[in-house]
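Coordinates in review
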Amino acid sequence: MEKLRAPDKRFLWFMLAPAVVFLIMITAVPTGYVLFTSLSKWKLTSSAVPQLSGFQNYAKLFADGYFYNALRVTSIFTVASLALETVFGTMVALLLFRQFRGRPLLRSLILLPMMITPAVIGLMWRIMLNSDFGIINYIIGLVGAKGPNWLASETMAMVTIIMVDVWEWTPFVALSVLAALQTRSQDQIEGALIDGANGFQIFRYITFPHIQPVLFIAGSFRLGALLRWFDTIYVMTAGGPGRSTQNLPMYIYQTGFYYMNMGYSAAIAMILLLLTVALTYIFVKRSKIDKR
């Protein structure tokens, strides 16, 4: 590859400078401010300006049972949702890859959940899952069974929010995998069929290795979204009942805007940021597994 001359390099940096400055303004500056706030003692009820206090807020995290509960809720929700979306998304993609009547229409319909605003989705499901007049329990009642208290039980509330997120974002994984399936080599499959391979063997040794990098890329996008998931859970449960669905973003919000402890809230936000960056980095690295 021909090396750029010095005037060309200067022109290149000149063209990139506006984008670089813009990215710094919308990422580095806010992150730096949150980091400064996390190292400060700042309660809006007692002080209008933050006062540096070192790592006191971070030390407080290790003795905060509510923080560990929020971390546990976030972990359960993220792992369960990501696993189910990956499995169901792959199954849906394999189904849509087949030729059948009405496939274009079905491909369009599965996009609908992703096109709805998350807050609207939360309100919609909250109404449908209402234990008294919701349509879900009404349908269950038609077969002679009694529907559960979807959002009033600690266990069922967690199951419900996982179910809603899987319903909304499984299509994203499905479309990602479907795009990868379009580039699968048909020669390999035909050769495997000639050698006597069955459908499971073709999926295990040909299809899955081919879509695996895409699964990791799609998983990295979903992982970041799941870790910072807030709007739907805020509308559906607001972290309740009790603190059974209070994940880290919800705890950050409540600490900062209910209890006005901005310094401690910023410290939790920094932990969430580091966790998100570390896990996303692992997923992106794993996506290159077949490029060694």
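Higher on the page you've got the structure.
To start, this report covers the structure provided alongside it. (Residues numbered from 1 in each chain as written. Predicted model: local features only at pLDDT ≥ 70, side-chain atom pairs only at ≥ 80, totals over all residues. Heavy atoms only, no water.)

Quick look at the packing of helix H3 (residues 65–97) against helix H8 (residues 154–181)
It is at 6 Å that the axes of H3 and H8 come closest, and there the two elements cross at 40°. Between H3 and H8, the angle falls in the class oblique. Regarding H3 and H8, the two cross each other, and that crossing is right-handed. Grouping the amino acids of the contact of H3 with H8 by side-chain chemistry returns 21 nonpolar, five polar and two charged. (Axes fitted to C-alpha atoms, helices over the stretch in contact; angles between N-to-C directions. Helix = DSSP H or I, 4+ residues; strand = E, 2+ residues; numbered from the N terminus. Parallel < 35°, antiparallel > 145°, perpendicular 65-115°, else oblique. Left-handed = near helix turned anticlockwise from the far one by under 90°. Nonpolar A, V, L, I, M, F, W, Y, C, P; charged D, E, K, R; others polar.)

Considerations on the nonpolar core
In this structure, Phe-67, Phe-77, Ile-161 and Ile-268 are the most contacted members of the largest nonpolar core, which totals 25 residues. Those elements giving two or more residues to this core turn out to be helix H2 (56–61), H3, H8, helix H10 (199–227), helix H12 (248–258) and helix H13 (262–286). Ignoring anything within four residues of it in the chain, the contact list for Phe-77 reads Met-158, Ile-161, Ile-162, Asp-165, Leu-226 and Trp-229. In this structure, Leu-96, Ile-110, Ala-180 and Leu-181 belong to the second largest nonpolar core, which totals ten residues. (Core = buried A, V, L, I, M, F, W, Y, C linked by side-chain atoms within 4.5 Å. Buried < 20%, exposed > 50% of the residue type's maximum accessible area, 1.4 Å probe, protein only. Contact = heavy atoms within 4.5 Å.)

Let's talk about helix H6 (residues 118–128)
By the burial criterion, the buried members of H6 are Ile-121, Gly-122 and Trp-125. An end-on view of H6 places all buried positions within 100° of arc, on one side of the element. Buried residues along H6 sit in contact with helix H5 (112–115), H8 and helix H11 (231–236). (Arc of directions from axis to C-beta.)

Section: unusual backbone geometry
For the bond from Gly-240 to Pro-241, the omega torsion is -5°, close enough to zero to count as cis. Within the chain, Ala-238 stands out as a residue other than glycine whose phi angle is a positive 55°. Considering the arrangement of structural elements, one finds Ala-238 in the loop between H11 and H12. We note that Met-260 has phi near 60°; this positive angle belongs to a residue other than glycine. Tracing the backbone through its elements, the reader meets Met-260 in the loop between H12 and H13.

Considerations on the environment of Ile-76
In this structure, Ile-76 sits in helix H3. Take Ile-76: its relative accessible area is 37%, and that puts it in the partly exposed class. Considering only alpha carbons, one finds Ile-76 and Met-158, 82 residues apart in sequence, at a separation of 8.8 Å. Those residues within four positions of Ile-76 in sequence are excluded, and the remaining contacts are Met-158 and Ile-162.

Section: H10
Across its 29 residues, H10 extends only 36 Å between first and last C-alpha, which sits more than 12% below the 42 Å expected from 1.5 Å per residue. Bending of H10 peaks at approximately 50° at the position of Phe-208, with proline Pro-209 no more than four residues after it. Capping the start of H10 is the job of one residue whose side-chain oxygen sits 3.3 Å from the backbone nitrogen of Phe-200: Asn-198. (Expected span 1.5 Å × (residues − 1). Bend = angle between axes of the 7 residues up to and from the residue. Polar contact = N/O pair within 3.5 Å; in protein donor to acceptor, adjacent residues only side chain to side chain.)

Focus on the packing of aromatic side chains
What the rule picks out here adds up to 13 aromatic pairs. Relative to Phe-221, the ring of Phe-172 has its centre 6.4 Å away and its plane inclined at 75°; by these criteria the two rings are edge-to-face. Taken together, the residues Phe-172 in helix H8 and Phe-221 in helix H10 connect sequence positions 49 residues apart. Given a relative accessible area of 56%, Phe-221 falls into the exposed group. With a centroid separation of 5.9 Å and 70° between ring planes, the pair formed by Phe-216 and Phe-283 is classed as edge-to-face. With Phe-216 in helix H10 and Phe-283 in helix H13, the pair connects residues that are 67 residues apart, well separated along the chain. With relative accessibility at 18%, the residue Phe-216 sits in the buried group. One aromatic cluster is present, built from ring pairs that chain together Phe-230, Tyr-234, Tyr-253, Phe-257 and Tyr-258. (Phe/Tyr/Trp six-rings, centres within 6.5 Å; stacked < 30°, edge-to-face > 60°.)

Points about the side chain of Asn-247
As for its placement among the helices and strands, Asn-247 is situated in the loop between H11 and H12. Polar contacts involving the side chain of Asn-247 include one to the main-chain amide nitrogen of Met-250, which spans 3.1 Å. Leave out the neighbours within four places in its chain, and Asn-247 touches Ala-70, Val-73, Thr-74, Trp-229 and Ile-233.

As for the side chain of Arg-184
Among the secondary structure elements, Arg-184 is positioned in the loop between H8 and helix H9 (186–194). Polar side-chain contacts of Arg-184 include one of 2.6 Å to the side chain of Thr-207. Arg-184 has contacts with Phe-97, Ile-189, Thr-207 and His-210, leaving out every residue within four places of it along the chain.

Overview of a nonpolar patch on the surface
Together, Leu-95, Phe-100, Leu-105, Leu-106, Leu-109, Leu-112 and Met-115 line one region of the surface with nonpolar side chains, adding up to about 660 Å² of accessible area. Of all the elements in the fold, those that place two or more residues in the nonpolar patch are helix H4 (103–109) and H5. Sorting elements by how many residues they give to the nonpolar patch places H4 first, with three residues. (Patch = residues over 30% accessible without salt bridge, like charges linked within 9 Å, V, L, I, M, F, W, Y side chains within 5 Å. Areas by Shrake-Rupley, 256 points an atom, 1.4 Å probe, with all protein chains shown as cover. Salt bridge = Lys/Arg side-chain N within 4 Å of Asp/Glu carboxyl O.)

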